[in-house]
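# Coordinate analysis (summary)
These are the residues of each chain, in order.
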Amino acid sequence: MIRRKLMRTRQLKPGMKIDQSIVDRLGRDLVTKGSFLDEYIIDSLLKMGIMSVYIQDGEEEEEKVTVSPAAQKNIEKLHTDDRSKVTLSNSVRERVAQGIQYIYSNTESENMSDAADSIARDLIGAIDNNDAIAIDINELKTSDEYTFKHSVDVATIAMILAKQQGMSKKEIYEIGVAGLLHDVGKTKVPIEILNKPGKLDDNEFAVMKQHSVFGYNMLKNRKDFNTGVLYAVLQHHEKTNGKGYPLGVQANQITPYAKLLMVADIYDALVTERPYKKAFSQRNAVEMIMSMTGELDMSAMKSFLESMILYPVGTVVELSNGEKATVVKNNPHYILRPVVVGVESGNVYDLGQDLSCASIIIL
């Protein structure tokens, strides 16, 4: 039985589940209802002067998963750790959160480029610390404000894709800066358009589509950013078939950095809930990316598919044959089809390579 309880913010503990949404003065969700609290969120609530919130008081009854001896034997035998993923320490997470907020709140400041530099170097450090070549977007959380979170997500995803493609550390750094700044032009879009809860009309969308031009113009006269960064900001909404914006250029005119940002930007936007749309599941978002072969660069898409981890090892999933199963191994070439073990039957399903499993999918 779930009950609602009003609790003083200073008494909140990490792991509690909030039973209300926290919005800013513009109606944007800062913390969504049902989110699990952590130290960062609690501290942010205090800084915003929110002295009490409703939390869920009581436990949801979770279905217990019983693992049979046969299943346990196969799970232990086949368990293969996931590829190294990007992880951010609490101190790095806090620096990144403060830095990205500074950037978007002080776009005219001379120190804005220093903040971008600092964040990009923190992200490179996080990638290098455990030689990360993969990413689980659920582990990144740096902010509850969409623009800030989205910018860091896009930067980190794009940096991993750049590493997958064998780019130099300098290039990985530069694409990180471009990812952090790719939406900076939205600070020049009228707030009533930027935060409109419904679909934009044609005139409003025409203004919104100019944000990449606004961003380019804001950065082009600064000595800190080279043409690779500038054109990535300008072109991150282009499409390889020439049907993107703002220039409508085709694949051979789109810079390598922008091709990676395009994939990262679309994926993160799909899996993030906004006032005007529900979030897509990660699985559905990946399938949508895979369907965009005529619009996205194939090399960037391949790097993306080999970098994302949708079902971390140890995750319990439901199969279309009615079984519950534990993920024991991910295959970077078959992102949606890992190796799983039925928790009761002990059956091993190699969803990516065993043709007898072709009709089985993860629900």
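Above this note sits the structure.
The text that follows walks through the structure, step by step, so that each part is easy to find. (Residues numbered from 1 in each chain as written. Predicted model: local features only at pLDDT ≥ 70, side-chain atom pairs only at ≥ 80, totals over all residues. Heavy atoms only, no water.)

## Side note on the overall build of the protein chain
- Counting secondary structure elements, the protein chain contains 13 helices and 8 strands.
- Here the C-alpha atoms of the protein chain give a radius of gyration of 22 Å, agreeing with the 21 Å that 2.2 N^0.38 yields for 363 residues.
- Its C-alpha atoms give the protein chain principal-axis dimensions of roughly 65 × 55 × 40 Å.
- Here the protein chain, with 363 residues, has 49% of them falling under the buried criterion. (Helix = DSSP H or I, 4+ residues; strand = E, 2+ residues; numbered from the N terminus. Rg over C-alpha atoms; globule rule 2.2 N^0.38 Å. Buried < 20%, exposed > 50% of the residue type's maximum accessible area, 1.4 Å probe, protein only.)

## What about the packing of helix H3 (residues 90-105) against helix H4 (residues 112-129)?
- Packing of H3 against H4 leaves a shortest axis separation of 9 Å and a crossing angle of 150°. Classified by the angle their axes make, H3 and H4 are roughly antiparallel. Our pair here, H3 against H4, has a crossing hand that is left-handed. The segment H3 lies against H4, with Val92, Arg95, Val96, Gly99, Ile100, Tyr102 and Ile103 engaging Met112, Ala115, Ala116, Ile119, Asp122 and Leu123.
- When its residues are assigned to classes, the contact of H3 with H4 shows 10 nonpolar, 1 polar and 2 charged. (Axes fitted to C-alpha atoms, helices over the stretch in contact; angles between N-to-C directions. Parallel < 35°, antiparallel > 145°, perpendicular 65-115°, else oblique. Left-handed = near helix turned anticlockwise from the far one by under 90°. Contact = heavy atoms within 4.5 Å. Nonpolar A, V, L, I, M, F, W, Y, C, P; charged D, E, K, R; others polar.)

## Here's the deal with the environment of leucine 12
- Of note, leucine 12 is situated in the loop between strand E1 (3-8) and strand E2 (22-23).
- Taking the C-alpha atoms as reference, leucine 12 lies 9.0 Å from serine 52; in sequence the two are 40 residues apart.

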